[in-house]
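# Topology and contacts: notes
Spelled out, the chains give:
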Number of protein chains: 2
Amino acid sequence: MQEATCPQERIAMLDTFEALGGKWKLPILRYLSNRPDEQNTFKKMQRELGAISAKVLTQELKELETNQLITRTVLPTKPVMVAYQVTQHGLTVIPLTDQIVQWGLNHRTELR
Amino acid sequence: MQEATCPQERIAMLDTFEALGGKWKLPILRYLSNRPDEQNTFKKMQRELGAISAKVLTQELKELETNQLITRTVLPTKPVMVAYQVTQHGLTVIPLTDQIVQWGLNHRTELR
DNA sequence: GTAAGCGGTAACCGAAAGGAAACTATGGGA
DNA sequence: TCCCATAGTTTCCTTTCGGTTACCGCTTAC
């Protein structure tokens with residue numbers, strides 16, 4: 001009897017969703033990859049990303065850092081600032097998000 | 001001042017998640033795309049996909065049909081059977097899922 | 001008649017996700 | 001002294017997601 005679904009594929013997909021799942025991780029990675037040379041501080045990101053709360057932003061940034069997709073740097077400024085940057089590994093997500101965007105555009109035209 | 005995030009990209013991503021989101025839609029599409037010539041009936045899929053409940057399977061299939069990613073055919077058998085097939089449009093999801101699988105594999109090796 | 005297989009539907013539940021508001025600690029300026 | 005800004009943390013709340021169980025109508029086999 002044939003295998004229902006290839007288990008290692010399922011596991012790989014689950015790995016991806018675990019690292020990139022959640023409402024804001026992909027937007028955050030796209031945001032940071034568009035601003036590789038700026039001081040992407042917490043408050044600046046919160047202002048510019050849209051309607052994300054501090055709690056969720058903290059959470060998503062932590063998980064991205066755990067998965068080595070971004071780095072966190074504390075700056076020696078007077079009110080301490082923290083800057084986030086996308087890593088080399090984090091940049092590998094961009095082609096994937098590009099394809100997600102492309103599929104969404106195509107899907108919309110497909111439905112008329 | 002620069003745009004925080006390109007709004008049309010965000011919308012396209014949300015479109016994709018709306019059509020493909022949920023625990024089982026991608027596995028179902030991969031399952032069906034691997035069996036284009038079989039009678040993929042409800043019960044057979046439920047048995048072979050793993051731990052999916054009838055309620056959720058019904059739900060996911062409905063949404064996939066709404067988005068024209070699969071077709072639903074009632075067969076003229078004595079106990080009525082229903083067969084599902086992936087559409088041409090549904091097949092366009094496969095390259096995307098391939099990349100999701102690939103990224104998951106790569107991510108695992110990246111973390112050692 | 002009764003049980004089994006088909007393709008569902010309806011009611012209920014618990015867990016998780018995400019958002020709002022208040023709060024922390026630090027330091028600078030009026 | 002009070003207020004502002006930084007970067008969070010904590011508590012509470014609502015919504016959503018997926019799963020369990022029971023049930024329906026239909027047909028065939030025992």
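Residues numbered from 1 in each chain as written. Chains lettered and ligands numbered in written order. Predicted model: local features only at pLDDT ≥ 70, side-chain atom pairs only at ≥ 80, totals over all residues. Heavy atoms only, no water.

## Quick notes on the protein's contact with DNA strand D
Around DNA strand D, the surrounding shell holds 21 residues, and the nearest of these are K43(A), R72(A), Y84(A), K23(B) and K55(B). Counting only atoms of DNA strand D within 4 Å of the protein, the sugar-phosphate share comes to 69%. Interatomic distance of 3.5 Å between a side-chain N/O atom of R47(A) and a phosphate oxygen of DNA strand D. Take Y84(A): an N or O atom from its side chain is 2.6 Å from a phosphate oxygen of DNA strand D. (Near = heavy atom within 4 Å. Polar contact = N/O pair within 3.5 Å; in protein donor to acceptor, adjacent residues only side chain to side chain.)

## Considering the pattern of salt bridges
Applying the stated rule across the entire model yields 12 salt bridges over all chains. As a salt-bridge pair, R30(B) and E9(A) come within 3.0 Å of each other at their nearest N and O atoms. Of this pair, R30(B) sits in helix α2 (residues 25-34) while E9(A) sits in helix α1 (residues 7-20), placing the two residues on different chains. Relative accessible area serves as the criterion here: at 26%, E9(A) is assigned to the partly exposed category. (Salt bridge = Lys/Arg side-chain N within 4 Å of Asp/Glu carboxyl O. Helix = DSSP H or I, 4+ residues; strand = E, 2+ residues; numbered from the N terminus. Buried < 20%, exposed > 50% of the residue type's maximum accessible area, 1.4 Å probe, protein only.)

## Notes on the nonpolar core
Core analysis: the largest hydrophobic core is formed by 53 residues, its most contacted members being L20(A), I28(A), M45(A), L20(B), I28(B) and M45(B). Discounting chain neighbours no more than four positions away, the residues touching L20(A) are K25(A), L26(A), L29(A), L69(A), V93(A), L96(A) and W103(B). (Core = buried A, V, L, I, M, F, W, Y, C linked by side-chain atoms within 4.5 Å. Contact = heavy atoms within 4.5 Å.)

## Topic: the relation of the copies chain A and chain B
The second copy of the chain is related to the first by a rotation about an axis and a shift along the axis. The two copies are related by a screw motion: chain A maps onto chain B through a turn of 180° and a shift of 0.0 Å along the axis, at an RMSD of 0.1 Å. As the rotation angle and translation indicate, the two copies are arranged about a two-fold axis. Among all C-alpha atoms of chain A, that of L96(A) lies closest to the rotation axis, at 3.9 Å. Here 100% of the interface residues in chain A have copies in chain B that are interface residues too; the copies meet face to matching face. (Least-squares fit on C-alpha atoms with pLDDT ≥ 70 in both.)

## Considering the side chain of H107(B)
Along the chain, the position of H107(B) falls in helix α6 (residues 93-110). The class for H107(B) is buried, based on a relative accessible area of 4%. Within polar-contact distance, the side chain of H107(B) engages the side chain of N67(A) at 3.2 Å. What H107(B) contacts, discounting residues up to four positions off in sequence, is A19(A), N67(A) and H89(A).

## Looking at the protein's contact with DNA strand C
Every one of the 18 residues lining DNA strand C counts as a neighbour, but K23(A), K55(A), K43(B), R72(B) and Y84(B) are closest to it. Sugar plus phosphate, as a fraction of atoms of DNA strand C within 4 Å of the protein: 69%. The contact in question runs from a phosphate oxygen of DNA strand C to an N or O atom on the backbone of K43(B), over 2.7 Å. Take V82(B): an N or O atom from its main chain is 3.3 Å from a phosphate oxygen of DNA strand C. Sorting the residues of the surface near DNA strand C by element identifies α4 (54-66) of chain A together with α3 (42-49), α4 (54-66) and β2 (81-86) of chain B as the ones contributing at least two each. When grouped by side-chain class, the residues that make up the surface near DNA strand C number seven nonpolar, three polar and eight charged. (Nonpolar A, V, L, I, M, F, W, Y, C, P; charged D, E, K, R; others polar.)

## As for the layout of surface pockets
As a volume, the largest pocket reaches approximately 700 Å³. Around the largest pocket sit 29 residues that line it, and F17(A), L20(A), G21(A), F17(B) and G21(B) are the ones nearest its centre. Those elements that place two or more of their residues in the lining of the largest pocket are α1, α2 (25-33) and α6 (93-110) of chain A together with α1 (7-20), α2 and α6 of chain B. Here the residues of the lining of the largest pocket sort into 18 nonpolar, seven polar and four charged. (1 Å grid on protein atoms, 1.4 Å probe; cavity = no way out; pocket = protein on both sides within 12 Å on 5 of 7 lines; lining within 4 Å. Points joined across faces, edges and corners; volume = space filled by probe spheres on them.)

## Notes on the packing of α3(B) against α4(B)
Pairs of packed helices are described in terms of their axes, by the angle between the two and the distance that separates them. Residues and elements named next belong to chain B. Direction vectors running N to C along α3 and α4 enclose 115°, while the axes themselves pass 11 Å from each other. Relative to α4, the element α3 lies roughly perpendicular. The way α3 lies across α4 gives a crossing that is right-handed. Contacts between α3 and α4 involve F42, M45, Q46 and L49 on the former and, on the latter, A54, L57, T58 and L61. Along the lines of polarity and charge, the residues of the contact of α3 with α4 split into six nonpolar, two polar and no charged. (Axes fitted to C-alpha atoms, helices over the stretch in contact; angles between N-to-C directions. Parallel < 35°, antiparallel > 145°, perpendicular 65-115°, else oblique. Left-handed = near helix turned anticlockwise from the far one by under 90°.)

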